[in-house]
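Topology and contacts: notes
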Amino acid sequence: MKPDMRVSFAGIELTNPVIAASGTFGYGIEFEEIVSLDRLGAFVTKGISLEPMAGHAAPRLIHTAAGMLNAIGLQNLGVKEYVAKKLPPMQRYPQCKVIVNVFGCTVSEYVSVIEQLNQAEGIAAYELNVSCPNVHAGGMAFGADANSLEYLVSRAKTKSARPLIVKLSPNVTSIAHMAHVAAEAGADALSVVNTFLGMAIDPEERKPLLTNVTGGLSGPAIKPIALRMVYDAAKAVSVPILGMGGIINTEDAVEFMLAGATAVQVGTASYADPRAVERLVKGLESWCKSHQMERVASLTGALEVPRA
Ligand SMILES: Cc1cc2nc3c(=O)[nH]c(=O)nc-3n(C[C@H](O)[C@H](O)[C@H](O)COP(=O)(O)O)c2cc1C
């Protein structure tokens, strides 16, 4: 029997729980020659800002022992051009839901991007990247401070005509607390988590390898920590969680769902294999069949924790 692969969160129904993560799948349409886009549950655009941004100078991607450090600097073409050029061709793939990742340097920039996106057709939800520096708070990330997070999410929620997913920063002391703050401020769902701040050094040159000095660590290196964060966040809130961080194979995706994720996102894996997301869709379906599962959704939160 074919398992039911559908999942739903925040009023959105996906044909399956596998989503391409922000910043690793372009604007989606660039992958149409390589990937059967209609097989994906959804994809998240790279971060979209009010004005176009060139990003940081190279080098901005470094391989590490078990992952990748990036300091792309949120390069993107800006909301106007995104809506005019990149969003319309995605209508050819109606099964693949489009989630737009939004960021700004101030709360009003975030709000302006959302207001412009509200006018466009073909978007299922917004994902708020709160890992950006807040210029009004000395450059501290919105997502690193509970008050800034609360204010940003509540303002964005008021202006949003679509479900609002808040993508939490892992660079905090308590992810459970930040999850609770975002949910109380109006988040319809949470993405857990963004990249972990890290750095790499050339010992001979005595210089940082990234032009930006520090960058975000992703890939298998972060998986156990990201998994623990999904587990902690899922216990703290009742809104759905989209789990991510180092997912490479089917079993990784299953683990994130057992820890409490309703759906999973796949980022760095697409760099090694551009078909990784599609491969995971098939893998998860086979896993459900071989485990005689009728519904993939029954994995969510089904972790059995032994009593102490
Ligand atoms: C090159 C690169 C660019 C990224 N750009 C964004 C971005 O624009 N907005 C965002 O919210 N997350 C961004 N991320 C974070 C990923 O979406 C994801 O949260 C993170 O990499 C962890 O998942 P992974 O280990 O599967 O890559 C980026 C990650 C990478 C590797």
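Residues numbered from 1 in each chain as written. Predicted model: local features only at pLDDT ≥ 70, side-chain atom pairs only at ≥ 80, totals over all residues. Heavy atoms only, no water.

**A few points about the pairing of strand β9 (residues 164–167)**
Put simply, the rule is: Relative accessible area decides the class of each residue, using a 1.4 Å probe on protein chains only: under 20% of the type maximum gives buried, over 50% gives exposed, and in between gives partly exposed. Numbering goes from the N terminus for both helices and strands, where a helix is a DSSP run of H or I of at least four residues and a strand is a run of E of at least two. Two strands qualify as a pair provided that DSSP identifies no fewer than 2 bridges between them. Orient the strands so they point away from the viewer, and a crossover whose first-strand-to-second-strand path over the helix runs clockwise is right-handed.
Because side chains alternate across β9, one face comprises the buried residues Leu164 and Val166, and the other comprises Ile165 and Lys167, equally buried. Pairing geometry for strand β8 (residues 125–129) and β9, over four bridges, is parallel. Within the sheet, the bridge partner assigned to Glu127 lies in β9 and is Ile165. The handedness of the β8 to β9 crossover, carried by helix α3 (residues 146–159), is right-handed. In terms of strand pairing, β9 meets strand β10 (residues 189–192) through three bridges, oriented parallel.

**Overview of the packing of aromatic side chains**
Convention followed: Each pair of aromatic rings taken from Phe, Tyr and Trp, with Trp reduced to its six-membered ring, is defined by centres within 6.5 Å and is described as stacked if the planes are under 30 degrees apart, edge-to-face if over 60, and tilted in the remaining cases.
For the coordinates displayed, the defined rule picks out four aromatic pairs. Residues Phe25 and Phe43 carry aromatic rings whose centres are separated by 6.0 Å and whose planes lie at 50 degrees to one another, so their mutual orientation is tilted. Pair noted here: Phe25 is in the loop between β3 (18–20) and β4 (42–44) and Phe43 is in strand β4, with a separation of 18 residues, a long-range link. The two residues Phe25 and Phe43 agree in class, both being buried. When the centroid spacing of 5.9 Å and the interplanar angle of 35 degrees are considered together, the rings of Tyr27 and Tyr82 count as tilted. Linking Tyr27 in the loop between β3 and β4 with Tyr82 in helix α1 (residues 79–86), this pair joins segments that are 55 residues apart in sequence. Judged by its relative accessible area of 0%, Tyr82 is buried. Each member of the aromatic cluster is reached from another via a ring pair, and the members are Phe25, Phe31 and Phe43.

**What to know about the site of the ligand**
Operational definition: Only heavy atoms are used to decide nearness, and a residue is near a molecule or strand if one of them lies within 4 Å of it. Two N or O atoms form a polar contact when they lie within 3.5 Å of each other; inside protein one atom must be a possible hydrogen donor and the other a possible acceptor, and for residues adjacent in sequence the pair counts only when both atoms belong to side chains. Each accessible area is a Shrake-Rupley estimate made with a 1.4 Å probe; only the visible protein chains count as cover when residues are assessed. Polar here means any residue outside two lists: the nonpolar Ala, Val, Leu, Ile, Met, Phe, Trp, Tyr, Cys and Pro, and the charged Asp, Glu, Lys and Arg; Gly therefore counts as polar.
Around the ligand sit 24 residues in total, of which Ser22, Lys167, Gly219, Gly246 and Thr268 are the nearest. The separation between an oxygen atom of the ligand and a polar side-chain atom of Asn101 is 2.9 Å. Interatomic distance of 3.1 Å between a backbone N/O atom of Val193 and an oxygen atom of the ligand. Look at the ligand: alone it shows 610 Å² of surface, and the protein chains cover 96% of it. Tallied by class, the residues present in the shell around the ligand amount to eight nonpolar, 15 polar and one charged.

**Here's the deal with helix α6 (residues 250–258)**
To keep things clear, this is the line we draw: Any two residues whose heavy atoms approach within 4.5 Å at even a single point are treated as in contact.
Taken together, the buried positions of α6 are Thr250, Asp252, Ala253, Val254, Phe256 and Met257. Looking at the buried residues of α6, the elements they touch are α5 (223–236), β15 (241–243), β16 (263–266) and α8 (276–290).

**What to know about the environment of Val264**
The topology assignment puts Val264 in strand β16. We classify Val264 as buried; its relative accessible area is 1%. Linking Val264 and Ala302, residues 38 residues apart in sequence, is a C-alpha distance of 15 Å. Those residues in contact with Val264, other than ones at most four positions away along the chain, are Pro17, Val18, Ile19, Gly243, Ile247, Ala253, Phe256 and Met257.

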